[in-house]
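Structural overview
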Amino acid sequence: MAETLVAGVDSSTQSTKVVLCRAGDGTVVAQASAPHPDGTECHPRHWWDALARVRELLERADAVAVAAQQHGMVAVDGAGEVVRPALLWNDTRSAPQARALVAEHGGPKAWAERTGSVPLASFTVGKLRWMAEHEPENARRTERVMLPHDWLTWRLGASEPVTDRGDASGTGYWSPAAGAYLPDLLRAALGRDAEPPRVAAPGEAVGETPWGAALGPGTGDNMGAALGLGLEPGDVVVSIGTSGTAFAVAGAPAADPSGLVAGFADATGRFLPLVCTLNAARILSAAASMTGASLAELSALALAAEPGAGGLTLLPYLDGERTPDRPDASGVLAGLTTSNATRENVARAAVEALLCSLADAVGHLAAQGVAPRRTLLIGGGARSEAVRALAPAILGTPVTVPEPAEYVALGAARQAAWALAGTPEPPRWPAPPATEHTTDRAADAEPIRARYAALRDSAPQI
């Protein structure tokens, strides 16, 4: 008898990744990927074309679910056609519109209470307002508003446009606390009514693919990673990918009026308070370019320098920043002298800046009542030996580094297995193999964090 297989899709900014797993224990039996065009907007057909390149692997699955980048605006007309290229999470052009919406509808506290978050440029609600102001004809054509994973799930065979509570919670017009859309906010953004997808129950089967596989509701990428890692309350994840995120599973919704913590829902019926930085692994790649090094060489250079990088401090807001909300900011390298201008110190300053930024993010979660039982470090940046070595001191806790894997896609696969099983809870899959990292040099981090904070707070607030 053939074993039951499930497929999870991670449709990220850069690529489509698919893992094919055994439904019973999550063992990966095959995987594939296909690239996406670079940029801050992308026509959804490119995601569909990438999915077509891995279709052969998908068709081996008995169930499929899609996790994808959060916040992307997919505007669809009455005929089901995409109105314009999707504006992605990393497109900051709608920052003024997000600020205007916050001001027009009660201010930060009201938004935090109603939607769990104070929307920034990344959120879908601001992107809708931008389209209404700059492309009014496209706004008039828009009958449905979807997120990237919603659109892909619909194309794969959902019986109707459908989303999940996790991804819906990042739109700015859905309430995690009430579990309902807020149509007045969607209308205020777009200038007219439009139909969002139905929010499916966690683990619900929402349709069937053309080859007969059950289809899970899908979710956002961070929610997918939480499901793939099997997070429990008290686990804090620090993810170093294109963006940096710090998030934790919680039993109650967050409502941070400062806007630093997004009060998202997760994919299981709980909540996922999250802090996101726009700059993460790109800090390392930029430093590698500056020093003429590969990423592996950059790590070695950083480890060869003393803590504090000889007095160099990098404020790594290279392409603007989301946390803190400085969409027009740029990077600052401070403290440069003839004596510390070495490749080693530049590399060290980059790694320290990345981790200081993420330590700030973890601190914002703590201010919302998250008490970390353990910290997990994931994402491409976690493969850096220097990042792993410096993280326990700068983050202030022992660090667990799970074996590198496609955790977003694994979470989607676990959701697919859940939809296939029809059980109240997702299937129990073994925890991934991991290494533990501690430090005996915690005191070294105190002046590094202080110098970073001083530069952060004195830099122009733009």
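Above: the structure in question.
Thresholds, definitions, all that
Along each chain, numbering runs from 1 in the same order as the chain's sequence is written. Given that this is a predicted model, residues contribute local features only at a pLDDT of at least 70 and side-chain atom pairs are listed and counted only at 80 or more, while totals for whole chains, interfaces and linings are drawn from all residues. Think of the side-chain values as coming from all heavy atoms in the structure, minus any hydrogens and water. Any two strands with at least two DSSP bridges between them are considered paired. Runs of H or I in DSSP of at least four residues are treated as helices and runs of E of at least two as strands, each being numbered from the N terminus. All axes are obtained by fitting lines to C-alpha atoms, using only the stretch in contact for helices, and the reported angles, taken between N-to-C directions, cover 0 to 180 degrees. Each reported salt bridge corresponds to a side-chain nitrogen of Lys or Arg within 4 Å of a carboxyl oxygen of Asp or Glu. Relative accessible area decides the class of each residue, using a 1.4 Å probe on protein chains only: under 20% of the type maximum gives buried, over 50% gives exposed, and in between gives partly exposed. Working definition of a nonpolar core: buried Ala, Val, Leu, Ile, Met, Phe, Trp, Tyr and Cys residues. They are joined through side-chain atoms within 4.5 Å. Here, residues are in contact when the closest pair of their heavy atoms is within 4.5 Å. We define a polar contact as two N or O atoms separated by no more than 3.5 Å, with the added condition that, inside protein, one atom must be a possible hydrogen donor and the other a possible acceptor, whereas residues neighbouring each other in sequence contribute only through side-chain atom pairs.

1. Looking at the sheet that holds strand 16 (residues 235-240)
The pairing of strands in a sheet happens through backbone hydrogen bonds and is either parallel or antiparallel. If you trace the 7 strands from one edge of the open sheet to the other, you get 18-19-17-16-22-23-24, paired in mixed fashion. Only two strands of the sheet have a single partner each, and these edge strands are strand 18 (262-265) and strand 24 (434-437). Put simply, the sheet's adjacent strands are angled 25° from each other on average, direction ignored.

2. Here we look at the pattern of salt bridges
Taken as a whole and judged by the stated rule, the model has 29 salt bridges. Residues Arg198 and Glu160 are paired through a salt bridge, measuring 2.7 Å at the closest nitrogen-oxygen approach. Highlighted residues: Arg198 in strand 12 (residues 198-200) and Glu160 in the loop between helix 7 (148-156) and strand 9 (162-164), separated in sequence by 38 residues. Looking at Glu160, the relative accessible area reads 33%, which means it is partly exposed. Close ionic contact of Glu232 with Arg428 constitutes a salt bridge, the shortest N to O distance being 3.4 Å. Placement of Glu232 in the loop between helix 10 (221-229) and strand 16 and of Arg428 in the loop between helix 15 (407-421) and strand 24 is noted, with a sequence separation of 196 residues between them. Owing to a relative accessible area of 68%, Arg428 belongs among the exposed residues under this scheme. Salt bridges sharing common partners tie together Glu41, Arg84, Asp91, Arg93 and Glu135.

3. Re the nonpolar core
What tends to happen in soluble globular proteins is that the nonpolar side chains get buried as a cluster. With 58 residues, the main nonpolar core has Val6, Leu128, Leu231 and Phe247 as its most contacted residues. Ranked by the residues each element gives to this core, the list is headed by helix 15, at 8 residues. What Val6 contacts, discounting residues up to four positions off in sequence, is Val19, Leu20, Cys21, Ala23, Ala61, Ala63, Ala413, Ala416, Ala417, Leu420 and Trp429. One finds Val275, Ala280, Ala361 and Val370 within the second-largest nonpolar core, a separate group that totals 52 residues.

4. What about the side chain of Arg84?
Among the structural elements, Arg84 can be located in the loop between strand 6 (74-76) and strand 7 (86-87). Engagement of the side chain of Arg84 in a polar contact is seen with the side chain of Glu135, the distance being 2.5 Å. The residues contacting Arg84, other than those within four sequence positions of it, are Glu41, Met73, Ala75, Arg93, Trp130, Met131, Glu135 and Asn138.

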